[in-house]
Amino acid sequence: MASAAAGAVAGAAAPFWRAAGMTYITYSNICASLLRSCLKEPYKADAASREKVHFAISKWAQGKPEKPVIRSDTPEE
Amino acid sequence: MAMAALRREGRRLLLSPITPNPSSAARSAMSISPEQSAPIGLRSISTQVVRNRMKSVKNIQKITKAMKMVAASKLRAVQVRTENSRGLWQPFTALLGDTPSVDVKKNVIVTITSDKGLCGGINSTSVKVSKSLFKVTSGPEKETKYVILGEKGKVQLIRDSKGSIEMTVTELQKNPVNYTQISVLADDILKNVEFDALRIVFNKFHSVVAFIPTVSTVLSPEVVERESEAGGKLGDLDSYEIEGGETKSEVLQNLAEFQFSCVLYNAALENACSELGARMSAMDSSSRNAGEMLDRLTLSYNRTRQASITTELIEIISGASALTG
């Protein structure tokens, strides 16, 4: 992504995650799920239910959809 | 015994007028047969048709009433979450401003619709707004694309804007809306779509009967920088002191990504609320219509039933008087 490259090159000491290609969103999601796994048992199950991911995404090229990719239960991307 | 003879006479007389005028007499006769359990004979069209219709309308009414209750109960839970999520993007708007009139080259319209139907007109209004936004933002050297969330929007936009669709996302409603899911989606959009400005189209939830189609604009970090040079609200960003080893563009980039994620989360929640509210009112009016239809059918059913009884009585009596007179 253009702005990621710009962030890595132009900025002084780009953070490690930006240099690895992650966006801020991914970074904060990983931190959040680390935090959720620190919880004790009853709350842990509640928090885990808030982390469920499921959707089917399909990119289009020239007016035709390609095969949809299903993203399921991968809270971290 | 005499009555039995009279009845038999009456029935024989009834058989002849059947064929020229089968409709009311025959329908009425069939209605008598199961109630009086008397073997009548040849009758064709019946109140059976009307009765079947009444049964199915009643079932539909029950189903729509149940759907309304379900939507109402779900709405209460989602409404609380929506109002809480409004606090996520308000600071962003206070800091970076929401400038729908910004003029950029690459626009991406993110349309949020539902996967399921029977929710009134909200999906069509979202699609209408997206289409007019598309017209407004396209022009020479400008490029506008769609990212569609939800089946209903996809179906409607496929029909005439096939070539401008960048991505479609479905099956989002399998799990209740949560931030993780939306942020993964936002991440996908950020990674795969080139944009200068993102315009998110959704139905904002004002009350159970009022949903307003809204457009939220999120700018990409480069555009934010450009606007901040130009002055205005964004120009005040320089007056903030930035801690840590990051530069302003770094911070802006993080902020822009996070802003997109938060705004998308809020938009998805508001749209879910609006969908439930619209479904509630649609199912409510549907059950009311079914009730009215049921009333009308009942009236016509009773009328034909009574007419048939009267006709049969007349035939019997005229048969009897023909015998005696």
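Further up the page is the structure itself.
Owing to the predicted nature of the structure, the values given are computational and were not obtained by experimental measurement.

Here's the deal with the nonpolar core
Residue and element names in this part refer to chain B.
Consideration 1: Ranked by size, the top nonpolar core spans 46 residues in total, and within it I200 and F260 carry the most contacts.
Consideration 2: Ignoring sequence-local partners within four residues, the contact set of I200 consists of V110, I112, T214, V215, S216, V218, F260, V263, L264 and A267.
Consideration 3: Formed by 10 residues, the second largest nonpolar core is a distinct cluster that contains L96, V102, V223 and L252.

Thoughts on the pairing of strand β5 (residues 210-219) of chain B
Residue and element names in this part refer to chain B.
Consideration 1: Both strand β4 (residues 197-207) and β5 contribute to a ladder of 10 bridges, which runs antiparallel. Bridging across to β5, N203 finds its partner in P213.
Consideration 2: Counting the residues that bridge the hairpin from β4 to β5 gives two residues.

Quick notes on the packing of aromatic side chains
Here the distance between the centres and the angle between the planes together describe a pair of aromatic rings.
Consideration 1: In total, this model carries nine aromatic pairs over all chains according to the counting rule given.
Consideration 2: Summarising the aromatic geometry, the rings of W17 of chain A and Y24 of chain A are spaced 5.9 Å apart at their centres and angled 55° between planes, so their arrangement reads as tilted.
Consideration 3: W17 of chain A gets classed as buried once you look at its relative accessible area, which sits at 4%.
Consideration 4: Its relative accessible area of 24% is what places Y24 of chain A among the partly exposed residues.
Consideration 5: A ring pair is formed by Y24 of chain A and F258 of chain B, whose centres lie 5.7 Å apart and whose planes are at 80°; its orientation type is edge-to-face. With one member in each of two chains, Y24 of chain A in helix α3 (residues 24-36) and F258 of chain B in helix α8 (residues 248-324) form a pair that bridges those chains.

Section: the packing of helix α4 (residues 122-137) of chain B against helix α5 (residues 151-161) of chain B
When two helices pack together, their arrangement is given by the angle between their axes and by how far apart the axes lie.
Residue and element names in this part refer to chain B.
Consideration 1: Remark: α4 packs on α5, axes separated minimally by 9 Å, with the N-to-C direction vectors making an angle of 45°. Classed by the angle they form, the pair α4 and α5 counts as oblique. Taken as a pair, α4 and α5 cross one another with a handedness that is right-handed. On α5, the residues that touch N123, S124, V127 and K131 of α4 are K152, G153, Q156, L157 and D160.
Consideration 2: For the contact of α4 with α5, the per-class residue count stands at two nonpolar, four polar and three charged.

Rules and cut-offs
- Here the residue numbering is sequential within each chain, running from 1 through the sequence in written order.
- All chains are assigned letters beginning at A, and all ligands numbers beginning at 1, according to the order in which they are written.
- At least 70 in pLDDT is required for a residue's local features to be given in this predicted model, at least 80 for side-chain atom pairs to be given and counted, and no such filter applies to totals for whole chains, interfaces and linings, which use all residues.
- Side-chain measures here rest on the full set of heavy atoms in the structure, leaving out hydrogens and waters.
- For our purposes a nonpolar core is just a set of buried Ala, Val, Leu, Ile, Met, Phe, Trp, Tyr and Cys residues, chained together by side-chain atoms within 4.5 Å.
- Each residue's exposure class comes from its accessible area (1.4 Å probe, protein chains only) as a fraction of the maximum for that residue type: buried when under 20%, exposed when over 50%, partly exposed otherwise.
- Note on contacts: a residue pair is in contact if any heavy atoms of the two residues lie within 4.5 Å.
- DSSP-based pairing: two strands are paired if at least 2 bridges between them are found.
- Each helix is a run of DSSP H or I of at least 4 residues and each strand a run of E of at least 2, with the numbering of both proceeding from the N terminus.
- Two aromatic rings, drawn from Phe, Tyr or Trp (for Trp, its six-membered ring), form a pair once their centres lie within 6.5 Å of each other, and the interplanar angle then sorts them: stacked below 30 degrees, edge-to-face above 60, tilted otherwise.
- Comment: axis = line fitted to C-alpha atoms, over the contacting stretch for helices; angle = value between 0 and 180 degrees taken between N-to-C directions.
- Under this scheme an angle from 65 to 115 degrees is roughly perpendicular, one under 35 degrees roughly parallel, and one over 145 degrees roughly antiparallel; angles in between are oblique.
- In this scheme the crossing of two helices becomes right-handed for a clockwise turn of the near helix relative to the far one and left-handed for an anticlockwise turn of less than a right angle.
- Residue polarity follows a fixed list, in which Ala, Val, Leu, Ile, Met, Phe, Trp, Tyr, Cys and Pro are nonpolar, Asp, Glu, Lys and Arg are charged, and the others, Gly among them, are polar.

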